[in-house]
Amino acid sequence: MLAPVLVGVSILCFLLIRVLPGDPILSIVPETATAEDIERTRARYGLDRPILTQYADYMLGVLQGDFGDSIQTNRSVAEQIAERLPRTLELIVLGFLLALVLAVVLGLYSATRAGKPGDHIARILALTGNSLPEFWLGLVFILVFFAALGWAPAPTGRIATGIDIRTITGFLTVDAILTGNGRAFVSAVYHLWLPVLTLGIVVLAPLMRSVRASALEVMRSDSYHCAQAHGLTPSRLLFGYLVRETMVRVPVLAALVLGNLIGGSVLVEFVFSWQGFGQWALRGLLLRDYPVIQAYVLVTASFYVVAFLVADVVQAALDPRIRIH
Amino acid sequence: MITLARTTGLARASNAWHRRKPRSEISKPLIATGTSILALVFLAAVFAPLLSAWGPEDIDFAAFLVAPGPGHIMGTDGNGMDIWSRILHAGRIDLGVALSAVALAVCVGSLIGGLVGYIGGWVDEITMRLTDIVQAFPAFILALTVSAMFGSGLINLTLAIGFIFAPAYIRIMRGEIRALRERTFIEAAECSGNTRLQILYRHLFPNALTPLLVIAPLNCGWAMLTLAGLSFLGLGVPVPGAEWGAMISAGAADVVGGRWWTSIYPGVSLFISVLAFNLIGEGFLERSEAM
Amino acid sequence: MNGASAIEVDDLSIGLRTRGGGAVAALSGVSFDVRPGEIVGLVGESGGGKSMIARAIAAMLPSGAEVSGRIALGDVDLLALSEKQIRFHRGTDAALCFQNPRSALSPTRRVGQQLMDRLVRWQGMEQDEAQAAALALFQEVGIRDPRRRLRAFPHELSGGMCQRVMIALALACRPKILLADEPTTGLDATLTRDILSLFRKAAQQHQCGVLLISHDVAAIAEVCDRILVLYAGIFVEAGTAEEILDSPQHPYTKALRDAVPDLDRRASVPVGGTMPRLEKPPDACPFADRCTIADAECRKALPPWTERQANHFVRCIRPDTDWVALADVGHAPERSAPGAATRTILDLEDIEVVYKSRFGRGGQLALRGVSLSLSPGETLGIVGESGCGKSTLARVIMGLISPTRGRAMLNGTDITRMSRPNLRTLRKNLQMVFQDPVGSLNPRMTVERNIADPLKMLNLSAVEMDRRIDDVLHDVGLGSAFRDLYPRRLSGGQAQRVALARALSVDPKLIVFDEPTSALDVTVQAQILDLLRRLMAKGDRAYVFVSHDLATVRNLCSRVAVLYLGRIVESGPAEAIFDNPLHPYTRALLESAPSLTRATRAESVVLARDLDEASPAEGCPLLPRCPFAQGECSEPQSLRRGNNTHEVACWKVGS
C-alpha cells in the first residue's frame, strides 16, 4: 500500500507543478541573460529533457537519497531537508503528544462524568480550541505571553542567539541532552513551549472527542455493564475494562491528525519564524523551485502514510480481534 | 413460601438507591446556540453594504492605522481601510466559499463513494488508491496548485478546497455503503426485483447519507479555516481583498508593536463563525450518537 | 421473614420513564423468595417486567427508575443501601448472567483474566491461586481444553462456550443468587439442555439460588423447581414446575403453554392481542382483554392472590373454567397429492456451495450433494442446527447465491447460472421472508413503500397497487392504519407481518421462510405461525420453511429434509420422519427437543462432542460423533430408501 501511493503522489506532484504558470529559471538568471543563457541554465537543471526522462531520473535519484539541487540556492535538497525537517518534527511531535495525553485524560474524565457540568465544560473548551485559527492563536499568545507578560521569548526562532549547540539529530532538545548542554536545553524549551501549546490546543478537540465518544460507547456496552454487575472495583473497571477498549478506536483518528499536522504546521512555523520545513517549501512553491516542492510533497506524503501504518500496528496490538496478515 | 402480594400504589421512592440521573440533553442547546450565531454572521454578511460606512477597499487618507474610535468602530489598518467594513464584506467571502466548497465535496464525494462502494472490485481498489494519493498530498500545495492552474479567483479557490475535502466524503460514503450492503433489507430489495441502480438510489443512498450530513457543519468550519490559512500565507484571496485570514496576515506585523485591532478583530470574527459551525456539528454528532 | 431464603422480594414496584416522558409501571407489587439450591423460573412476555426484577436485584436499573418495596438478602434490605454499599453487594450477593454472552464479555481482555478478576475480587485470591481456581471452574462448566481456553479472547469462542464462560464468571463471585436472563435464547436444542443442566449443577454444588428468566416456558420447565408467571408487571400464577405445566390454573399460563408447538402432535394455539404496557398498577385483571372467559367481575377489581393447592397460587376468579380446548391438529392439513401432470416448482440437483476461505487456503463446504424437489401445494421443512447450511440453502433456492456445482430449476427454467436481468424477471414468482423482521425492511421507507417495492415488477396502475397493498395488509392481519408507519415503530411480530405482506403482494408461486419466528416471543410466534398455517392451507403455492425448531416444522410442513453439515441425511414426509426417525442424527435431534410432556423416549441416541469440535469428514458427516460408527461409514453416504417411507443417508438403516 505504501509504495503505490507514494509513487502516485510523486507523479501527481511532478505533473501539477509543471502545469503551474511561472518559470523557475527566469527568477534566477540575471536581467542581462540572453536566450542561450537561459537555455543553458535550464539544461543544467535538466528541465529541457522530456518529462518522462525527468521523472525517471528524479525517482532513481530519490532511491539513492539524492533529491536534486535547489534551483534557487543551488544547494543539495537532501541537505536542506536534513536541516529543516527535524525543526518541524520536533514541534509537531511534541504538540501531538501534548494533545494526545490531554485528550486521553480529559476524554476519560469527560466520559465518566457524562452529562454533568464537568463534562460539558470540557467539551466546550475543546470545541473552542478547535475553532481557533492556529495562526491567529499564535499571534494572540505572542501578544499576551511575550508582549504583555514576558513569559515567552520573542518569536524569532528556536533558540536564543549566541547559544552554541552541536547538532546531532537536529532536535534541539535531544541534542542538548545528548551533549549535556544545560543552557541550550533550557533555551530550547523556553522557545518551544508557546508554539507547542498553540499546536496542541488546536488539535486537542478532535482527539478528545474521539476518546470521549469511544469511552462512552464502552461504558454503555454490555461488557462494561457485566463487569459492573459483578461488582468489580472502580479502578479495575477503569484500567481493565475501560481504557484498553477505549484506546482501540483511537489510533486511526490519531494517525489522521498526526499525518495532517506536518502539512498544517506551516502556519505556526510562519508566525513563530521557526524556519522549518513548511516555510522552506512555501518559499520554494512561490518561486517554483521544483526540486524543493517535489521533496516536500514526497516527504510529507511518506510521513502521512507511515503514520497510518503505525496506527494499524498499534491498533492490532490493542485489539485482539484484528490480526495482520 | 410465597407470601401474599399486597397491591400498593407506586410510592414515590424517596431514596436515590441505584437510580442514575438521566443524562441531560445537550444537543438541542448546542445546535440552537450554533445556529443563532451563524444566523447573525450570515445576516451581517448579507447586509454588509448597509451596515458599513465604508466600502471594503476604500481608503481613508486621513486615518492610517488608527485605533478604534468614532468614525472607525474597529479602527483602520496600515492602508487606511476601515476594519469594520472589511470584516463584514470578508464574511461574504469566507462564508460563501466555505459553504460552497463543502456542498461540492458532499455531492461529488457521496456520488463517487456510493458508486464505488457498491460496485466494489477493481474500480473500488483504484478509486481508493487515488483517494489515498489525494489525501496524502499536503493540502496547501494541492489547493494552491489546483487554483493556480485555473487562474486564481474565488471560484477556483472554492473548487480547490472542495477538492481537498472530497476524499473524506468518498471514504465515509464508501464505508457506509459497504456496511449497508450486507444488511437484510438490501437482500430483500434484491428479492423484490430491484436493479442494482435502483438498490443504490432507493435503498442504499437514503440510508447512507446521514453520517455525511452530520459532519458537514464541522467541515464547513474547517473549510473556512483552510481558506483563511491560505490567505494568511498569501496563497488565497489576494491583497487587498477583504478576507479574514488575509486581514490577520496584514495585521500580524502590527501586533509586535502593540497595535492589536488589525488582527484581533478579524480573528475573532473567524473564530466566532467557526465556533458556530462547530457547535452545530457537535450537536449533530450528539444527536446521531443518542439514536 | 424466612431466615432460610437466599433472597426475599417483598412488594417490589418499579416505575420507568419512557423517552417521550410517559410513565410505565414495569412491576406492581411483586413478592417471592428463592431458597439456596433452588431454581425458580420466571416466565412471561417481553415487556412484562421479568428483566426488571433481575436488574433490581442486581442493582442495575436504568436511569430514572423509581423503586419501592423491599429486597432482603439475609438481614439487609438492598433498597436501603447507599451507592457505596451497593458496590459490595453486586456480584457477591447477586450475580447476573447476561442475555447475549458474547457481547457481555470484554473483547480486549482474555476470558481467563476476566474470570480471575472476579476470583480476586470476591474470593480474595492471589494470582496463582486464582489461576488454578479458574481452571477448575472452566472444567466445572464443561469447557473442553480449559487450559487453552483460559487464554482465549471472546471472539474466538463459540456462542455456547461464551455462555458457559458467562456462567463461570457469575459463579466466581460466589453469589447467593444467580440471575440468568434468557440464557437459552438463540441456542440450539442440545446446547440449551446442557446449559440448563449447568444451572442445576451450580445450584446444587454452590448452594446458591437461581432465578431463570425466560419467555419460553417449555425451554426452562425441565430444570426449574418452581415457576412464577408474570404478566403486565404482576404475578398471575406461581407453583411447582409440574403443576404449572400439567395443570395450569390461570388463563394466561394456559395460553403460554398452548402457544408453544409441541413435538407430540399438538399444534400451537395463538392468543390474540398484545400485552398492555400499564402506566400505573392495575386495578383490574390486566389479562381480561385477551381472555376468552373474562367477564364484568374480572374488570371491576384486581383478582386476589389465592392459594388453590399447597403452594400453588393463582390470581384469577375463574381458574376452573375450561379455557381453551386443545386443538388436536394432527398432521398438517391435507393437501391433494400433486398429480403427475403438475409440474414441480422447484428442483435442486446435486447442489454444492463452497465458501472461499479468506486466506486462499481452500474453502468451506457449506452444502454438498443437496437434491430436492417441490410441487405446488407442498410445504417443505428444512431442519438442522446452526451451521448446517440451511440459510445457504434458502439463498440458493432464491437465486441469491450461485452454487459451485449442480443445477437449480424453477418451474422448469434453469436458474443456476442465470444473468441478473433474467433472474430479475423471475423474482415475481419467488419471494422470501427473513429471520430479522425489522432489519428486512428499509428503515427510511414507510410500510406502504416497503410493500410496494416488489410491486414495481408487476406494472400495476396506481389504483390497483393501492388496492393490492390494502388487501395484502388485511390478509396478514394488519389494518390500513399501518401504511404510514416506519419500521422502527413496529414490534417484531408486526414487522414480520409486513414482510410477509410484501412477499405476498406479488402473488409468488414459491415463498421461502428463513427462520421467520426465532427472533420473536413465544406468544407472537404462535400468532405468526397460525397465520402461516392458514395461508398454507389454501394450497396454491409451494413453501419452503427453514428452521431449527422441530415442533414448528412438524405442525406446518408436509415434507421434511434434515440437514447436517451441509448434507441431507434424511428426507421424506413429515409424519414418517417424526414418527419413525431412522438416521442417528435425526434421532438425536428429536431427542433433545424440549417437550412439555415429559414423556421419556425409548432408546436415546447420544452424540459425542459438541458440534463445533467435530470436523466434517469425507464420508458420513456424522462419523466423528455417531455412536454407531463403523468402517463403512467413511465412504460417502448417499440417500437411499429406508422402509419405503422416506430416504436416509446411512448404510446401516437404509436398505
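Residues numbered from 1 in each chain as written. Chains lettered and ligands numbered in written order. Predicted model: local features only at pLDDT ≥ 70, side-chain atom pairs only at ≥ 80, totals over all residues.

For the rest of this paragraph, the subject is the overall build of chain A. Counting secondary structure elements, chain A contains 14 helices and 0 strands. When the helices and strands of chain A are placed in sequence order, the string is α-α-α-α-α-α-α-α-α-α-α-α-α-α. By its C-alpha atoms, chain A is 85 × 55 × 40 Å across when sized along the principal axes. The buried share of chain A, taken over its 325 residues, is 45%. (Helix = DSSP H or I, 4+ residues; strand = E, 2+ residues; numbered from the N terminus. Buried ≥ 20, exposed ≤ 12 C-beta atoms within 10 Å, placed from the backbone.)

Turning to the overall build of chain B, a few remarks are in order. Secondary structure assignment for chain B yields 10 helices and 0 strands. The buried share of chain B, reckoned over its 291 residues, is 48%.

Interfaces are often sized by the accessible area lost when the parts come together. If you look at the interface, chain C gives 25 residues, while chain A gives 22 residues. Sorting the residues of the side of chain C that touches chain A by element identifies strand 6 (94-97), helix 3 (101-104) and helix 4 (111-123) of chain C as the ones contributing at least two each. With 3 residues, the top contributor of residues to the side of chain C that touches chain A is helix 4 of chain C. In the side of chain C that touches chain A, the residues fall into 12 nonpolar, 7 polar and 6 charged. (Contact = placed C-beta atoms within 7 Å. Nonpolar A, V, L, I, M, F, W, Y, C, P; charged D, E, K, R; others polar.)

The next point concerns the nonpolar core. Of all hydrophobic cores here, the largest spans 368 residues; its most connected members are L179(C), V210(C), L211(C) and V544(C). It is helix 8 (residues 182-219) of chain A that provides the largest number of residues to this core, a total of 17 residues. If sequence neighbours within four positions are ignored, V210(C) has contacts with I39(C), V40(C), L178(C), A180(C), F199(C), A202(C) and A203(C). (Core = buried A, V, L, I, M, F, W, Y, C linked by C-beta atoms within 7 Å.)

Turning to the packing of helix 9 (residues 222-229) of chain A against helix 10 (residues 234-248) of chain A, a few remarks are in order. All names here are of chain A. Taken N-terminus to C-terminus, the directions of helix 9 and helix 10 make an angle of 160 degrees; their axes are 10 Å apart at the nearest point. For the element pair helix 9 / helix 10, the angle class is roughly antiparallel. The hand of the helix 9/helix 10 crossing is right-handed. Contact residues: S223, Y224, A227 and Q228 in helix 9; L237, Y241 and L242 in helix 10. A breakdown of the residues in the contact of helix 9 with helix 10 according to their chemical character gives 5 nonpolar, 2 polar and no charged. (Axes fitted to C-alpha atoms, helices over the stretch in contact; angles between N-to-C directions. Parallel < 35°, antiparallel > 145°, perpendicular 65-115°, else oblique. Left-handed = near helix turned anticlockwise from the far one by under 90°.)

Okay, the sheet that holds strand 2 (residues 23-34) of chain C next. All names here are of chain C. Across the sheet, which stays open at both edges, the 4 strands sit in the order 2-1-4-5 with antiparallel pairing between neighbours. Since the sheet does not close on itself, it has two edges, and those belong to strand 2 and strand 5 (76-77), each with one partner. Bridge count for strand 4 (residues 66-73) against strand 5 is 2 bridges, and the pairing is antiparallel. Bridging from a neighbouring strand, L73 pairs with V76 of strand 5. (Pairing = 2+ DSSP bridges.)

All right, on to the pairing of strand 21 (residues 559-564) of chain C then. Residues and elements named next belong to chain C. The buried count for strand 21 comes to 6 of 6 residues, which makes it a mostly enclosed element. Alternating positions in strand 21 separate into two faces, R559, A561 and L563 on one and V560, V562 and Y564 on the other, with burial throughout. Sheet topology note: the strand 15 (residues 379-383)/strand 21 ladder contains 4 bridges and is parallel. Bridged to L380 within strand 21 is R559.

On to the sheet that holds strand 7 (residues 177-181) of chain C, then. All names here are of chain C. Overall, mixed pairing links the 8 strands, which are arranged 6-7-8-3-9-10-12-11 in an open sheet. Across the chains shown, the open sheet's two edge strands, defined by having one partner strand only, are strand 6 and strand 11 (306-309). On average, adjacent strands in this sheet sit at an angle of 25 degrees to one another, irrespective of strand direction. Sheet topology places strand 10 (residues 234-240) next to strand 12 (residues 312-314); 2 bridges connect them, and they run antiparallel. The partner of E237 across the bridge, within strand 12, is V314. In this fold helix 1 (residues 50-57) packs onto strand 3 (39-43), strand 6, strand 7, strand 8 (209-214) and strand 9 (226-231), with an angle of close to 145 degrees to the strand it touches most, strand 7.

Looking now at the environment of V116(B). Residue and element names in this part refer to chain B. You can see V116 is positioned in helix 3 (residues 83-119). In the structure, V116 is positioned 56 residues away from D60 in sequence and 56 Å away in space, judged by C-alpha atoms. Setting aside residues up to four positions removed in sequence, V116 forms contacts with V123, D124, T127 and R174.

A word on the packing of helix 4 (residues 121-136) of chain B against helix 6 (residues 154-181) of chain B. Residue and element names in this part refer to chain B. Running from amino to carboxyl end, helix 4 crosses helix 6 at an angle of 140 degrees, the nearest separation of the two axes being 9 Å. Put simply, helix 4 runs oblique to helix 6. For the pair helix 4 and helix 6, the crossing hand works out as left-handed. Between helix 4 and helix 6, the residues in contact are T131, V134 and Q135 and P167, I170 and R171, respectively. Tallied by class, the residues present in the contact of helix 4 with helix 6 amount to 3 nonpolar, 2 polar and 1 charged.

All right, on to unusual backbone geometry then. Residue and element names in this part refer to chain C. One non-glycine residue with positive phi stands out, namely A232, at about 50 degrees. In this fold, A232 is placed in the loop between strand 9 and strand 10. Residue class for A232 comes out buried when judged on the 24 C-beta atoms lying within 10 Å of it. For E515, which is not glycine, the phi dihedral falls at a positive 45 degrees. E515 sits in the buried class, given 20 other C-beta atoms within 10 Å.

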